[in-house]
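Listed here are the chains, written in short residue letters.
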Amino acid sequence: MNERLDEIWLSQIADQPLPEEVKSKDGAVFDPRTTHWKYKSIGKNVSCNFNSLPEVTPRFLHGYKQALIIATINFSGVSVQSIFNDTLRLMRFLASLRKSTLDELSFDDIAQWARSSQSAETRAASIRSFIQNWAKRHYPGISSELSHTYPPCKQGPTGVAVAIQDSTKGPFDDQEFNALLEGLNHALESGNIELNRALEVRLIALLGLRPKQLALAKCCDVDRDKYGRVVLRAPLIKGKNQGLRDEFRRFPLEPTTGDVLLDSCETVKQAFSSLLVDAGEAPLFPDLSVDIATKNHISGLAYHTSDLNMTYRIIKTLKKIQAHSVRLGGKLVPGSAVRFRRSFAQRGAEEGIDIFTLAHLMGHRNTNNVKVYFEITNRIRANFSKKIAFQMAPLAQAFGAQLQILRSETEATRPTPSSRIPDLRLDEHGNLKTLASCASCSQCSQLRPIACYAGCRSFEPWLDADHESVLDRMMADRDQRVEADERIAKIRDLAILGCAQIVLRCRDILAQQTI
């Protein structure tokens, strides 16, 4: 009796017609009954051409479409396209081995494909959840045994760049991270990059966001909380059975970045006030690559850029930043959004954030993808000495090529007593010693002179100042702090390298004068 009921139930599933329309996770609506699915995605436009499949039975095609509809509702367009492409490769492989029309996928079919090459094994592993979900839903065209068993497949290694601390793909070290942020500020001040591009990079760096999260963010996602802090609601894009903007993570921003972002948000809202009924629905970082008044957009995401375009924009901005890496021998730091994201996770793990909180901040549903950051226990750290500081200074280039040593105060941009930067030590006459002049403002909120040595573009060191004594004091202070907390001690490393760079430059100038 039960077997008869099962047969009836399965036949009803097989005979269930496809819906007239489907709404993808990206919000696009299309007719799945057509032979060519084409719809817009926030990342990449999807094209699933079923005419390109090898010869399959109508029963198989119907079940395959049913399974693909579920994937379309739950996954991004990029993932759907990848699933279609990989299953197409599987079907073509099977068609090359048999003359009969494909009616059902079996365990042996997938196992044979996985054994054919390493790339096929990797692809078979990547579509495992799709295949098994197809089987679990009892859609036609697939063997029921695949719902609970699957051929052994090794997926490509994950977390390698983080585990080995890859110098070009893994997390930035502290020196590189600080150099990038300093270079970003300088590029913004000099006009080499626009404010909105600088904000994109800064949010990626400070919050560990994915480019897609920024691409989906709207002006209404930026506001002040009850404490007066500027807060960014970042869309959580990885959840199943929900839209791209159905769930959010709230990130309070530090005052400088928050206030600038809020001002930028108001500017964007004004620009879109005549284009949208609610200016708050305007994208936080809009797509201005084409005529925005006529471009066709996904419903609810008008004028938003794609995550791919956002990724390219961030890479383009990073290429304009002059940030040098000590561990790469003074070469420019290879920057990318994913490296900032890995750095965010690495720094969070090092600072004592528990694994569940870090996974939550990263937008993960479980801790699997953040375990690697907690497994790294032997990070290479610089055991500074004065000799090492002198060796690393030319590579770090804290001041870049713009460093100028003043032979006298008359060469200063602002040759006035109020612009002098004191050593905070008294000379033999009881007066403060002077180290340099400030080219911008004598009322600086930073800790002088330590912050000045960290690469401040307004710092104009004097040739006859005792910079080496300052270096000795910073080295001694670092040795004391490292006993308590190595990470706190490393905060001033860039200032130490900058001071060492100035000492070496002064030595060169004085040596040339004696020749």
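The rules behind the values
Here the residue index of a chain counts from 1 through its sequence in written order. Per-residue local features are limited, in this predicted model, to residues with pLDDT of at least 70; the limit for side-chain atom pairs, both in listing and counting, is 80 or more; totals at the level of whole chains, interfaces and linings are taken over all residues. As a convention, hydrogens and water are excluded, and side-chain values are obtained from all of the structure's heavy atoms. Secondary structure elements are defined from DSSP: runs of H or I of at least 4 residues count as helices, runs of E of at least 2 residues count as strands, and each element is numbered from the N terminus. Whether a residue is buried, partly exposed or exposed follows from its accessible area with a 1.4 Å probe, protein chains only, as a fraction of its type maximum: under 20%, in between, or over 50%, in that order. Contact definition: two residues touch when any of their heavy atoms are within 4.5 Å. Method for areas: the Shrake-Rupley scheme with a 1.4 Å probe, in which residue coverage is limited to the protein chains shown. Note on definitions: angles span 0 to 180 degrees between N-to-C directions of axes, and those axes are lines fitted to C-alpha atoms, for helices only across the stretch in contact. Note that the term roughly parallel is reserved for angles under 35 degrees, roughly antiparallel for angles over 145, roughly perpendicular for angles of 65 to 115, and oblique for everything else. Strand pairing is assigned whenever DSSP detects at least two bridges linking the two strands. When two cysteine sulfur atoms lie within 2.5 Å, the pair is treated as a disulfide. What makes a salt bridge here is a side-chain nitrogen of Lys or Arg within 4 Å of a carboxyl oxygen of Asp or Glu, nothing more. Any two of the Phe, Tyr and Trp rings considered here, Trp counted by its six-membered ring, make a pair once their centres fall within 6.5 Å; the pair's planes then place it as stacked at under 30 degrees, edge-to-face at over 60, or tilted in between. Handedness of a crossing follows from how the near helix is turned relative to the far one, being left-handed for an anticlockwise turn of less than a right angle and right-handed for a clockwise one. Gly is placed with the polar residues, together with every amino acid not listed as nonpolar (Ala, Val, Leu, Ile, Met, Phe, Trp, Tyr, Cys and Pro) or charged (Asp, Glu, Lys and Arg). Two N or O atoms count as a polar contact when they lie within 3.5 Å, although within protein this holds only if one can serve as hydrogen donor and the other as acceptor, and sequence-adjacent residues are included solely when both atoms are side-chain atoms. Between the first and last residue of a helix there are one fewer steps than residues, each counted as 1.5 Å, and that sum is the expected span.

Asks: I tried to follow the overall build of the protein chain on my own but got confused; where do I start?
Replies: Across its full length, the protein chain carries 20 helices and 10 strands. Buried residues in the protein chain amount to 48% of all 515 residues. For the protein chain, the proportion of contacts with a sequence separation of at least 24, taken over those separated by at least 6, is 64%. As displayed, the protein chain has an accessible area near 26,100 Å², and 50% of this comes from carbon and sulfur atoms.

Asks: So what exactly am I meant to see when it comes to unusual backbone geometry here?
Replies: Phi is mostly negative for residues that are not glycine, and the peptide bonds are mostly trans. Here H138, not a glycine, exhibits a phi torsion of approximately 60°, which is positive. One can find H138 in the loop between α6 (128-136) and α7 (160-163). Take H138: its relative accessible area is 33%, and that puts it in the partly exposed class.

Asks: What should I look at first to understand the packing of helix α4 (residues 107-116) against helix α5 (residues 118-126) in this one?
Replies: A pair of packed helices can be characterised by two numbers: the angle between their axes and the separation between those axes. Following both chains from N to C, one finds α4 and α5 inclined at 135°, their axes separated by 5 Å at the closest point. By the criterion of interaxial angle, the relationship of α4 to α5 is oblique. Contacts between α4 and α5 involve I110, W113, A114 and S116 from the first element and A120, E121, R123 and A124 from the second.

Asks: Just to check I follow, could you spell out the pairing of strand β7 (residues 248-252) for this structure?
Replies: Here is the key point about a regular strand: its side chains alternate between the two faces of the sheet. Of the two faces of β7, only the one carrying R249 and F251 is buried; F248, R250 and P252 on the other face are not. In the sheet, strand β6 (residues 230-235) pairs with β7 via five bridges, with the strands oriented antiparallel. The residue of β7 that forms the bridge with A234 is R249.

Asks: I keep staring at the environment of V372 and nothing clicks. Help me out?
Replies: Checked against the element boundaries, V372 lands in helix α15 (residues 371-375). With 212 residues separating them along the chain, V372 and V160 place their C-alpha atoms 8.9 Å apart. In this structure, V372 is in contact with G159, V162 and A163, ignoring residues within four places of it in sequence.

Asks: Quick question: what am I supposed to make of the state of the cysteines here?
Replies: What makes a disulfide is a covalent bond joining the sulfur atoms belonging to two cysteines. Applying the stated criterion across every chain yields a total of zero disulfides. Left unpaired, C456 is separated from the closest cysteine sulfur, that of C452, by 5.7 Å.

Asks: What is the right way to read the pattern of salt bridges from this model?
Replies: Side chains that differ in charge, positive against negative, can pair when their charged atoms come close. Taken as a whole and judged by the stated rule, the model has 25 salt bridges. Notably, a salt bridge pairs D26 with K212, separated by 4.0 Å at the nearest N-O pair. Separated by 186 residues along the polypeptide, D26 in the loop between β1 (22-23) and β2 (29-30) and K212 in helix α10 (residues 211-216) bring together distant segments of the chain. Both residues of the pair, D26 and K212, count as buried.

Asks: Help me understand the packing of aromatic side chains, please; the structure alone is not making it clear to me.
Replies: Each pair of aromatic rings is reported with the distance of its centres and the angle of its planes. Overall, the coordinates contain 15 aromatic pairs when judged by the stated rule. Here Y64 and F130 contribute two aromatic rings whose centre-to-centre distance is 6.3 Å and whose plane-to-plane angle is 80°, an arrangement assigned as edge-to-face. Here Y64 is found in helix α2 (residues 58-74), whereas its partner F130 is found in helix α6, with 66 residues between them in sequence. This pair shows no difference in class: Y64 is buried, exactly as F130 is. With 5.9 Å between their ring centres and 55° between their planes, F130 and W134 make a pair best called tilted.

Asks: Explain the packing of α2 against helix α3 (residues 77-97) here, please?
Replies: Two numbers describe how α2 lies on α3: the axes approach to 10 Å, and their chain directions differ by 155°. When the axes of α2 and α3 are compared, the pair comes out roughly antiparallel. Crossing of α2 against α3: the hand is right-handed. Contacts between α2 and α3 involve F60, Y64, L68, A71 and T72 on the former and, on the latter, V80, I83, F84, T87 and M91. Grouping the constituent residues of the contact of α2 with α3 by class yields eight nonpolar, two polar and no charged.

Asks: Honestly, the side chain of D221 in this entry has me stumped. Any pointers?
Replies: Note on placement: D221 falls in the loop between α10 and β5 (222-224). From its side chain, D221 meets the backbone nitrogen of K218 in a polar contact 2.8 Å long. Contacts of D221, omitting those with residues within four sequence positions, involve L216, V231, L232, R233, R245 and F248.

Asks: What is the right way to look at the environment of A67 in this model?
Replies: Within the fold, A67 resides in helix α2. For A67, a relative accessible area of 3% translates into the label buried. Along the primary structure A67 and R137 are separated by 70 residues, whereas in three dimensions their C-alpha atoms are 8.2 Å apart. Contact partners of A67, with chain neighbours within four places excluded, come to F130, W134 and Y139.

Asks: Mind showing me how you'd approach the sheet that holds β5 here?
Replies: Remark on secondary structure: sheet strands pair via backbone hydrogen bonds, oriented parallel or antiparallel. With antiparallel pairing, the three strands of this open sheet are ordered in space as β5-β6-β7. Pairing within the sheet leaves two strands with one partner each, and these edge strands are β5 and β7. This sheet shows a mean twist of 30° between the axes of neighbouring strands, independent of strand direction. In the packing of helix α11 (residues 255-271) onto the sheet, contacts are made with β5 and β6, and the angle to β5 comes to roughly 125°.

Asks: Where do I start with helix α8 (residues 174-189) in this structure?
Replies: Counted at 1.5 Å a residue, the expected span for α8 with its 16 residues is 22 Å, and the 23 Å between its end C-alpha atoms agrees. Of the positions making up α8, those classed as buried are D174, Q175, E176, F177, A179, L180, L181, G183, L184 and A187. Capping the start of α8, D173 holds a side-chain oxygen 3.2 Å from the backbone nitrogen of Q175, two or three residues further along. Just beyond α8, the residue with positive phi is G191, at close to 85°.

Asks: Please clarify how helix α9 (residues 195-207) should be interpreted in this entry.
Replies: Residues separated by three or four positions in an α-helix point in the same direction, a consequence of the helix having 3.6 residues per turn. For α9, built from 13 residues, the straight-helix expectation of 18 Å at 1.5 Å per residue is met to within 8% by its first-to-last C-alpha distance of 18 Å. Of the residues making up α9, those classed as buried are R197, A198, L199, E200, V201, L203, I204, A205 and L207. Positive phi shows up at G208, right after α9, with a value of about 65°.

Asks: Help me understand the environment of K331 in this model?
Replies: As for its position among the elements, K331 is in the loop between α12 (307-319) and α13 (337-350). Contacts of K331, omitting those with residues within four sequence positions, involve A323, H324 and S325.

Asks: Can you walk me through the pairing of β6 in this structure?
Replies: In terms of burial, β6 is a largely internal element, five of the six residues being buried. Two strands pair when backbone bridges link them, and β5 and β6 are joined in this way by three bridges, in the antiparallel orientation. Paired with R224 across the two strands is V230, which belongs to β6. Here β5 folds back onto β6, and the loop between the two strands holds five residues, one of which, G228, carries a positive phi near 85°.

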